[in-house]
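Structure at a glance
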Amino acid sequence: MDNKKKKKSFKLPTAYTVLLIITAIIAIVSHFIPGAIPAGLSDFIMAPINGLNNSIDIAIFVLLIGGFLGITTKTGALDAGIASVVSKLKGKELILIPVLMFLFSLGGTSFGMSEETIAFTALVTTTMIIAGFDPLVSVATIILGSGCGVLGSTVNPFLVSVSIGSLNGSGIEVNQGVVIAINTILWLSSLLISIYFVMNYAKKVYQNKNESILSDLEIEHANEAFIGNKSGEEGVVEFTQKRKIVLALFAFTFIIMVIGIIPWEKFGINIFISTGFLTGSSLGNWWFSELGMWFVIMSVIIGIVYGMKEGEIVDAFLAGAADMVGVALVIGVSRGISVIMATTGLDAYVLAKASGVLVGMSPIIFTIVAYLIYMALTFFIPSTSGLAGLSMPIFGPLAVSLGFSPEVIISIFSAGSGIINLVTPTSGVIMGTLAIAKVDYESWVKFVTKILIAIFIASALILSITMMVIK
């Protein structure tokens with residue numbers, strides 16, 4: 001216990017401070033870059049609130065999810081259901097990790113599941129703690145699972161479709177089948193690497209709690225938040241018939257959420273066209289506003305089914321939403337970095353300079369340097385669709401003029417943005433997930449660094465080989 005506290009004697013500032021420091025550095029740098037618009041004091045001061053304005057839909061979505069979880073938790077159905085599942089898996093709890101990571105990765109590679117995973121954090125964290133792991137296993141399962149899927153996006157419309165559309169707009173034809181083939185290899189290789197590391201760590205923690213790299217304080221906070229006490233020993237909650245019904249409604253809520261955000265019509269599936277009676281938008285066209293109200297509706301239904309009074313439903317909802325205020329704010333502050341990059345014009349400057357570096361390189365060097373450049377760009381522009389729209393009209397024609405495959409450029413972008421979005425503090429998903437799970441950013445970086453190195457090496461090899469083979 002004492003040793004662990006000594007290891008944590010040096011501690012990074014909170015996420016808010018780290019993000020504000022990054023924002024301040026960008027504002028200062030803008031004064032020394034030719035062609036950039038120097039950031040004034042007002043630009044720095046307003047960046048966080050403008051970031052929150054830009055991400056207000058996600059922030060409100062998070063608050064409403066908090067309310068939904070508050071009511072569901074009040075019923076005791078989650079505790080009872082999770083305890084029931086874990087008891088049936090006794091001795092086989094590790095199987096939860098590859099199964100959940102694969103499912104999250106399917107969402108990532110197919111429709112860019114990222115921000116939506118925030119909704120699963122509380123549930124998965126509770127499950128992992130009760131199963132005998134620590135909150136870091138939960139964070140790794142969610143972030144690495146969905147993140148590896150996005151890293152190897154196959155039909156993700158926010159990355160693949162936007163990239164292809166941007167290249168087509170520049171007069172460049174792209175074979176999507178080739179992109180799917182390359183990115184499938186990237187997806188599965190990075191996922192297998194991640195599963196190996198996460199399961200190895202989880203096994204150590206399961207056998208000996210002192211193997212956790214989290215501080216005692218982090219573990220106590222998580223235990224208190226998710227199972228009601230600091231010790232990590234969950235109480236016994238009876239799995240009544242009423243709680244089974246609540247849990248079924250809980251599962252149904254998330255099933256509809258997933259159905260609602262998959263762009264079915266883009267895949268040629270039109271069975272949900274007439275489902276706009278509830279929100280005005282058909283399933284497949286839902287986004288954070290529709291999703292948020294769906295969680296509100298199901299919150300009320302769950303409360304009524306369990307027999308809660310009107311006042312109890314409102315109080316539980318507000319208490320759950322209150323727990324998510326910090327998460328909503330950190331998402332806004334992280335988005336402020338992208339805002340100040342755009343305000344000062346540094347995003348366009350960095351893109352122009354980066355493209356110039358790539359001229360005259362051999363295929364392998366070009367691939368690796370382009371990979372590194374996309375990693376750097378993603379730090380400042382974590383939005384995959386936003387970065388695709390900005391960079392592809394520049395990088396695509398450059399690659400083609402040098403005799404390189406435009407398909408591989410999309411895969412390089414996918415890998416570069418994907419790997420950084422597994423760790424960057426400028427991502428609202430990373431900071432939001434960590435905040436919910438009560439895991440410090442410092443602990444996440446310590447855990448994920450060697451995984452990122454392994455993924456980078458594997459991806460660089462895959463991309464280099466394909467760049468030499470595909471012309």
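Residues numbered from 1 in each chain as written. Predicted model: local features only at pLDDT ≥ 70, side-chain atom pairs only at ≥ 80, totals over all residues. Heavy atoms only, no water.

1. Observations concerning the overall build of the protein chain
- Scanning the protein chain from N- to C-terminus turns up 21 helices and zero strands.
- With respect to the three principal axes, the spread of C-alpha positions in the protein chain is 70 × 60 × 50 Å.
- Here the protein chain holds 471 residues, and 54% of them are scored as buried.
- Within the structure as shown, the protein chain displays about 19,600 Å² of accessible surface, and the carbon and sulfur contribution to it stands at 67%.
- If you average the places of the 25 positive and of the 27 negative side-chain charges in the protein chain, the two averages end up 8 Å apart. (Helix = DSSP H or I, 4+ residues; strand = E, 2+ residues; numbered from the N terminus. Buried < 20%, exposed > 50% of the residue type's maximum accessible area, 1.4 Å probe, protein only. Areas by Shrake-Rupley, 256 points an atom, 1.4 Å probe, with all protein chains shown as cover. Lys, Arg positive; Asp, Glu negative; His and termini not counted. Charge placed at Lys NZ, Arg CZ, Asp CG, Glu CD.)

2. Points about the nonpolar core
- Leu144, Phe395, Ile412, Trp444 and Phe447 are the most contacted members of the largest nonpolar core, which has 146 residues in total.
- Ranked by the residues each element gives to this core, the list is headed by helix H21 (residues 441-469), at twelve residues.
- Once residues within four sequence positions are removed from consideration, Phe447 is found in contact with Leu136, Ala140, Leu144, Val198, Tyr201 and Ile213. (Core = buried A, V, L, I, M, F, W, Y, C linked by side-chain atoms within 4.5 Å. Contact = heavy atoms within 4.5 Å.)

3. Thoughts on helix H13 (residues 288-306)
- In this model H13 runs 27 Å from its N-terminal to its C-terminal C-alpha over 19 residues, within 8% of the 27 Å that 1.5 Å per residue would give.
- Where H13 is concerned, the buried positions are Phe288, Glu290, Leu291, Gly292, Trp294, Phe295, Met298, Ser299, Ile302 and Gly303.
- Along its buried surface, H13 packs onto helix H4 (56-75), helix H12 (241-261) and helix H14 (310-322).
- At the exit of H13 stands Gly307, carrying a positive phi of roughly 90°. (Expected span 1.5 Å × (residues − 1).)

4. Quick word on the layout of surface pockets
- Quantified by volume, the largest pocket comes out at close to 1,100 Å³.
- Forming the walls of the largest pocket are 47 residues, and the residues nearest its centre are Ala225, Leu434, Ala435, Ile436 and Lys438.
- No other element matches helix H11 (residues 216-227), which puts seven residues into the lining of the largest pocket.
- The set of elements that each furnish at least two residues to the lining of the second largest pocket consists of H4, helix H8 (135-151), helix H15 (325-344), helix H18 (384-401) and helix H20 (428-437).
- A class-by-class count of the residues in the lining of the second largest pocket yields 18 nonpolar, 18 polar and five charged. (1 Å grid on protein atoms, 1.4 Å probe; cavity = no way out; pocket = protein on both sides within 12 Å on 5 of 7 lines; lining within 4 Å. Points joined across faces, edges and corners; volume = space filled by probe spheres on them. Nonpolar A, V, L, I, M, F, W, Y, C, P; charged D, E, K, R; others polar.)

5. Re the packing of aromatic side chains
- For the structure shown, the criterion picks out 23 aromatic pairs.
- Ring geometry for Phe250 versus Phe254: centroids 5.0 Å apart, planes at 55°, classification tilted. Of this pair, Phe250 and Phe254 both sit in helix H12, four residues apart, roughly one helical turn.
- Among the residues examined, Phe250 registers a relative accessible area of 4% and is labelled buried.
- With a centroid separation of 5.5 Å and an interplanar angle of 70°, the aromatic rings of Phe254 and Phe295 are classed as edge-to-face. On the criterion of sequence distance, the pair formed by Phe254 in helix H12 and Phe295 in helix H13 is long-range, its members being 41 residues apart. Side by side, Phe254 and Phe295 carry an identical accessibility label, which is buried. (Phe/Tyr/Trp six-rings, centres within 6.5 Å; stacked < 30°, edge-to-face > 60°.)

6. Digging into the confidence of the model for the protein chain
- Here the protein chain averages 88 in pLDDT, and 95% of its residues register 70 or above.
- Counted against residues more than four places away or in other chains, residues 1-9, with its pLDDT under 50, gives 14 contacts. (pLDDT = per-residue confidence, 0-100.)

7. Quick look at the side chain of Thr75
- Mapped onto the secondary structure, Thr75 falls in helix H4.
- Classification of Thr75 by relative accessible area gives buried; the value is 0%.
- Other than its neighbours up to four places away in sequence, Thr75 contacts Arg243, Val246, Ile302, Tyr306 and Met308.

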